[in-house]
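Geometric and topological summary
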Amino acid sequence: MRSTAARCLAPVVLTVDAMLPDGSRLHVVIPDITRKHWSVNIRKFLLSAGSLEELVGLGTLTPQARRFLEAAIVAGLNIIVSGGTQAGKTTLLNCLAGAIPGRERVVTCEEVFELRLGLPDVVAMQTRQPNLEGTGEIQLRRLVKEALRMRPDRIIVGEVRQEECLDLLIALNSGLPGMCSIHANSAREAIVKLCTLPLLAGENVGHNFVVPTVASCVDIVVHTAKDGTGHRRVREVVAVPGRVEGDVVEVADLFVTAGQRLVRAQGYPPHRERFEWAGIDLPQLLADEG
């Protein structure tokens, strides 16, 4: 298993994070990081759905929310998927990416390969850990920068956790459509986190730059969560109109949960002209509950 994952455990390398041949994610921690025994964790990525239509069938999305999200992707809006651990972020991100038009060139950046896109033109990249000499590491920040040199029509980052968030925001702010996922307890907390993570990139990066950048380049946040029965559902969809009040990025509710159902709220997404350019009647789309 260690050899197929192309990773090494040694007294100076006490943890391993890698992918097995079947796509499962391997994480190993050995003493003296652990108290006594080895901790071997294998996370199997089970793709329960491959499209937004299938998510509707599973009860994760409503048909109206599906149609809107598909239209937002075709219109080229930037979408963030938020949620807690095991909330179905990767599956939702994969299904959203499935709605990308087939003519587009998509570049994905991940820590470990998890996304499985059925698009005709996809360049998939993953990070690499340092070797025993401490060299050869490829971080997610570098992958995002390399992706911009590949003439992408759209960029997807599997998950932002650290300073690579800054590079993604800069890419999105340059007019390149994109998607990513992020750990958060709500859509609003995801926006706050997007305003905080870039500060890890260095002391020369401040809120005065980050907050307006988030407001201008993030368009939609889709929040998913696992309920008490274990079902994963989209709990809210919010829009980012591009306005900042103080240091707070304003949001508008597009879909909210009422009872156990995702229903239409009063907000509207930004960049309505992009929907028009794509031939999409946005008011009719949001008014149609069928």
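Cut-off values and rules
- Residues numbered from 1 in each chain as written.
- Predicted model: local features only at pLDDT ≥ 70, side-chain atom pairs only at ≥ 80, totals over all residues.
- Heavy atoms only, no water.
- Phe/Tyr/Trp six-rings, centres within 6.5 Å; stacked < 30°, edge-to-face > 60°.
- Helix = DSSP H or I, 4+ residues; strand = E, 2+ residues; numbered from the N terminus.
- Buried < 20%, exposed > 50% of the residue type's maximum accessible area, 1.4 Å probe, protein only.
- Polar contact = N/O pair within 3.5 Å; in protein donor to acceptor, adjacent residues only side chain to side chain.
- Pairing = 2+ DSSP bridges.
- Salt bridge = Lys/Arg side-chain N within 4 Å of Asp/Glu carboxyl O.
- Contact = heavy atoms within 4.5 Å.

Given two aromatic rings, their pairing is described by the distance between the two centres and the angle made by the two planes. As enumerated under the stated definition, the model contains two aromatic pairs in all. Measuring from ring centre to ring centre gives 6.0 Å for F68 and F255, while their planes differ by 50°; the resulting arrangement is tilted. Highlighted residues: F68 in helix α3 (residues 63-74) and F255 in strand β13 (residues 252-258), separated in sequence by 187 residues. Given the relative accessible area of 0%, F68 is considered buried. Between the aromatic rings of F68 and F275, the centroid separation amounts to 6.4 Å while the plane-to-plane angle is 20°, which identifies the pairing as stacked. With F68 in helix α3 and F275 in helix α9 (residues 272-277), this residue pair connects regions lying 207 residues apart in the sequence.

Looking at the secondary structure, you find E104 in the loop between α4 (89-97) and β5 (106-110). Looking at E104, its side chain comes within polar contact range of the side chain of R154, at 2.9 Å.

With that out of the way, let us pick up the pairing of strand β9 (residues 220-226). Counting buried residues along β9, five of its seven residues qualify, which places the element largely inside the surrounding structure. Note: strand β4 (residues 79-83) against β9, five bridges, orientation parallel. The residue of β9 that forms the bridge with V81 is V222. The pairing of β9 with strand β10 (residues 232-239) spans seven bridges and is antiparallel. Along β10, the bridge assignment pairs I220 with A239. Counting the residues in the hairpin turn of β9 and β10 gives five residues, including G230, whose phi is positive at 95°.

Per the stated rule, a full pass over the model turns up 14 salt bridges. A salt bridge links E70 to R66; the shortest N-O distance between them is 2.9 Å. Here R66 and E70 lie together in helix α3, a separation of four residues that amounts to about one turn. Look at E70 and you get partly exposed, because its relative accessible area is 26%. Judged by relative accessible area, R66 falls into the buried class, the value being 14%. Where R141 meets D167, a salt bridge forms, and the shortest distance between an N and an O atom there is 2.5 Å. Of this pair, R141 sits in helix α5 (residues 140-147) while D167 sits in helix α6 (residues 164-173); the two residues are 26 residues apart in sequence, bridging distant segments of the chain. Judged by its relative accessible area of 8%, D167 falls in the buried class. Through salt bridges that share partners, E53, R66 and E70 make up one connected network.

What follows concerns the environment of H207. Tracing the sequence through the fold places H207 in helix α8 (residues 207-217). Each C-alpha atom of the pair H207 and A71 lies 32 Å from the other, and the pair is 136 residues apart in sequence. In this structure, H207 is in contact with C195, L199 and P212, ignoring residues within four places of it in sequence.

It is worth stressing that arrangement in space is one thing and function is another; only the former is reported here.
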